[in-house]
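# Results of the structural survey
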Amino acid sequence: MSKYDIIVLGSGPGGYVTAIRASQLGFKTAIVEKESLGGVCLNWGCIPTKALLKSAEVFDYLKHAEDYGLSLEKADKDFSKVIKRSRDVAGGMSKGVQFLMKKNKIDVIEGFGKLKSGKKIAVTDKNDKTKEYQADNIIVATGARSRELPNLKQDGKKVIGYREAMTLEKQPKSMIVVGSGAIGVEFAHFYNAMGTEVTVVEFLPNVVPLEDEEISKQFERSMKKAGIKVMTNSSVESVDTSGKTVKAKVKTKKGEETLEADVVLSAVGIKTNIENIGLEDLKIKTDKDKIVVDDFYKTNVDGIYAIGDVVHGPALAHVASAEGILCVEKIKGMDVEPLDYGNIPGCTYATPEIASVGMTEKQAKEAGYELKVGKFPFSASGKAKAAGKSEGFVKVIFDAKYGEWLGCHMIGAGVTDMIAEAVLGRKLETTGHEVLKAVHPHPTMSEAVMEAVAAAYDEVIHI
Ligand SMILES: Cc1cc2nc3c(=O)[nH]c(=O)nc-3n(C[C@H](O)[C@H](O)[C@H](O)COP(=O)(O)OP(=O)(O)OC[C@H]3O[C@@H](n4cnc5c(N)ncnc54)[C@H](O)[C@@H]3O)c2cc1C
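The structure displayed is predicted, hence computed values, not measured ones. (Residues numbered from 1 in each chain as written. Predicted model: local features only at pLDDT ≥ 70, side-chain atom pairs only at ≥ 80, totals over all residues. Heavy atoms only, no water.)

## As for the UniProt feature "active site" (unreviewed entry) in the chain
- UniProt annotation of "active site" (unreviewed entry) refers to His442 when read in the numbering used here.
- Here the side chain of His442 touches Glu447 through a polar contact of 2.6 Å, side chain to side chain. (UniProt positions renumbered as here; feature names shortened; annotations may be inferred. Polar contact = N/O pair within 3.5 Å; in protein donor to acceptor, adjacent residues only side chain to side chain.)

## Considering the UniProt feature "domain: Pyridine nucleotide-disulphide oxidoreductase dimerisation" (unreviewed entry) in the chain
- Per the UniProt record, the feature "domain: Pyridine nucleotide-disulphide oxidoreductase dimerisation" (unreviewed entry) sits at residues 344-452.
- A helix fraction of 30% and a strand fraction of 28% characterise residues 344-452, whose end C-alpha atoms lie 20 Å from each other. (Helix = DSSP H or I, 4+ residues; strand = E, 2+ residues; numbered from the N terminus.)

## Details of the packing of helix H3 (residues 46-63) against helix H6 (residues 182-194)
- Between H3 and H6, whose axes approach to 9 Å, the crossing angle comes to 35°. Our pair here, H3 against H6, has a crossing hand that is left-handed. The residues of H6 that touch H3, namely those facing Thr49, Lys50, Leu52, Leu53, Ser55, Ala56, Phe59 and Lys63, are Glu186, Phe187, His189, Phe190, Ala193 and Met194.
- Here the residues of the contact of H3 with H6 sort into eight nonpolar, three polar and three charged. (Axes fitted to C-alpha atoms, helices over the stretch in contact; angles between N-to-C directions. Left-handed = near helix turned anticlockwise from the far one by under 90°. Contact = heavy atoms within 4.5 Å. Nonpolar A, V, L, I, M, F, W, Y, C, P; charged D, E, K, R; others polar.)

## A look at the pattern of salt bridges
- One pass over the full model with this rule turns up 20 salt bridges.
- Across the salt bridge formed by Glu220 and Lys224, the nearest N and O atoms sit 2.9 Å from each other. Here the residue Glu220 and the residue Lys224 both occupy positions in helix H7 (residues 213-225), the gap between them amounting to four residues, near one helical turn.
- Look at Glu220 and you get buried, because its relative accessible area is 12%.
- Classification of Lys224 as partly exposed rests on a relative accessible area of 45%.
- When the shortest N-O distance is used, the salt bridge between Lys229 and Glu257 registers 3.9 Å. Taken together, the positions of Lys229 in strand S11 (residues 229-231) and Glu257 in strand S14 (residues 255-261) put the pair 28 residues apart, joining distant regions of the chain.
- Residue classification places Glu257 among the partly exposed residues on the basis of a relative accessible area of 33%.
- Here the salt bridges share partners, and the residues they tie into one network are Asp212, Glu214, Glu361, Lys365, Lys375 and Lys395. (Salt bridge = Lys/Arg side-chain N within 4 Å of Asp/Glu carboxyl O. Buried < 20%, exposed > 50% of the residue type's maximum accessible area, 1.4 Å probe, protein only.)

## What about the site of the ligand?
- Taken together, the neighbourhood of the ligand is formed by 38 residues, with Gly14, Glu33, Lys50, Gly113 and Ala317 sitting nearest.
- A distance of 2.6 Å separates an oxygen atom of the ligand from a polar side-chain atom of Glu33.
- Measuring from a nitrogen atom of the ligand, one finds a backbone N or O atom of Gly113 at 2.9 Å.
- Among the secondary structure elements, those contributing two or more residues to the shell around the ligand are strand S2 (29-33), helix H2 (39-44), H3, strand S4 (112-116) and helix H8 (317-331).
- Here the element with the most residues in the shell around the ligand is H2; it accounts for four residues.
- Class assignment for the residues of the shell around the ligand results in 18 nonpolar, 15 polar and five charged. (Near = heavy atom within 4 Å.)

## Details of the sheet that holds strand S8 (residues 159-160)
- Judged by pairing direction, the sheet is parallel, and its five strands sit side by side in the order S8-S15-S9-S10-S11 without closing on themselves. Taken across any chain shown, the strands that pair with only one partner, and hence form the sheet edges, are S8 and S11.
- Packed onto the sheet, H6 meets strand S9 (174-178), strand S10 (197-201) and strand S15 (263-266) and runs at close to 165° relative to S10. (Pairing = 2+ DSSP bridges.)

## Observations regarding the domain arrangement of the chain
- Each assigned domain of the chain is listed here: domain 1 (2-146 + 271-341), domain 2 (159-268) and domain 3 (352-456).
- For domain 1 and domain 2, the distance between their C-alpha centroids amounts to 28 Å.
- If you look at the interface, domain 1 gives 22 residues, while domain 2 gives 17 residues.
- Interface area, domain 1 with domain 2, both sides summed: about 1,700 Å², of which 68% is carbon and sulfur.
- Counting the surface domain 1 buries against domain 2, the share from its top three residues, Trp44, Leu52 and Phe79, is 37%.
- Where Glu186 meets Lys50, a salt bridge forms, and the shortest distance between an N and an O atom there is 2.9 Å.
- Across the contact surface, domain 1 and domain 2 share four residue pairs in polar contact (both at pLDDT 80 or more).
- Per-element accounting of the side of domain 1 that touches domain 2 gives the leading share, nine residues, to H3. (Domains from an automatic or database assignment. Buried area = accessible area lost by both parts, 1.4 Å probe.)

## A few points about the sheet that holds strand S12 (residues 235-240)
- Pairing is antiparallel in the open sheet, where three strands are placed in the order S12-S13-S14. In this open sheet, the two strands that pair with only one neighbour each are S12 and S14. Here the strands of the sheet are splayed against their neighbours by 25° on average, with no regard to which way each runs.
- For strand S13 (residues 246-252) and S14, the ladder comprises seven bridges, and the chain directions are antiparallel. Counted as the bridge partner of Lys249 is Thr258 from S14.

## Let's talk about unusual backbone geometry
- Residue Pro352 is reached from Thr351 by a cis peptide bond, and omega for that bond is 0°.
- Checked against the element boundaries, Pro352 lands in the loop between strand S20 (346-348) and strand S21 (353-358).
- In the segment running from His442 into Pro443, the intervening peptide bond is cis, with an omega of -10°.
- Mapping Pro443 onto the fold places it in the loop between helix H12 (432-437) and helix H13 (447-456).
- The phi angle at Lys119 is positive, at roughly 50°, despite the residue not being glycine.
- Relative to the helices and strands, Lys119 resides in the loop between S4 and strand S5 (120-124).
- Residue class for Lys119 comes out partly exposed when judged on its relative accessible area of 28%.
- Even without a glycine there, the phi angle at Tyr297 is positive, about 70°.
- Along the polypeptide, Tyr297 turns up in the loop between strand S18 (290-291) and strand S19 (304-306).

Laid out in structure tokens, this is it:
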């Protein structure tokens, strides 16, 4: 039986990053994967959706060429080529992980892995052949899949999840998106930009409900302006797929309404892949669909760890990677600190983009802080105006007493690349005045961060 220092089960951004760090630290490492290297993120999540959204953005530029003094006979699209480009980008990324595994001398074991007692993993390959492997430490990173609601069963054709949504052969004329979290609204924006008639149904009062309320409101306005129908405080009660189209019964505050569309996309969250991987046999504790771990991702069973979407915390690629790195560094005996879950950025890549970190204004008030809040609109930014993208704003929240940067919330073009400034600033316990004294380049969208901070301290220049 092959023996390793570390075996990682699952090769998403949690698993493959963990394996690389383990190898860097001198551990003999193997990774087990039943599908494609790179997991959901590279194959079915972060990357292929961004490729689709890039096509949507370029298409939008083409449609508005005249706004930039350019002309074009007719902006058109080939839906199947848009899908193919996204699949090619994903395929290329997965190959990149293959290269990284080789470069870092990590053994890739193909097949479905199941934990066994004695720190073993049984891996069953495509031909139904099972082989056992042993390791001093096993790290579970099996990730998650689309969550199914009992009244919204996915048939993969008329009621679909995210995998089908990014591989449809034919563009639907109309689509109902259930759920307005990042996944739901990213697809809503992609299909709307491609010309599909899109309705988003959200159970809560605000779209992108985890965001600061002002961001949610601005985003809802942008969605409506783009032509997306938005129904908040509404829930899909049932779907009828017996006809040519899908009929969805939607409960709203005003009563019941029936919507009709070619397809319904269910984007109501995720379900972890924790079944049939041997957790019960080993008596590994789970709670509310997640594996229970300590601050360094150790389960209740010695030598077994879990990271990424299968554990509590935000289900995001960068979180999975950070957890995996920390987990193996701790196994190595390094002097590491637990991850600060209060300083994790979250991004939504629709048009406009959303990026945020830290507390919302409401959360900061509820926590008892006295606040200094500053806002700077992109309509006052030279770079945004030049780009023809002046929608949105940056909002910063500081503690009035000690100047702690409590939260930063942005909506606008390119803000997902700007949020790292706030993450780093908060990590280094930067005060507002220090941000102001850090000269930002002109003209850039990032000046809006400096100006928003200036607005919080009544020193704003450009509004
Ligand atoms: C449409 C969509 C868009 C997203 N966009 C973003 C984004 O922009 N930014 C962001 O940060 N996050 C995004 N996410 C979330 C992100 O993809 C996940 O948080 C991330 O992939 C979790 O990483 P992971 O390593 O925990 O698991 P996963 O990426 O789910 O990987 C788990 C891997 O384990 C394998 N596996 C499972 N069970 C077994 C087994 N028993 N044996 C062998 N292999 C197994 C699976 O095949 C899979 O490859 C998105 C998700 C979706 C669905």
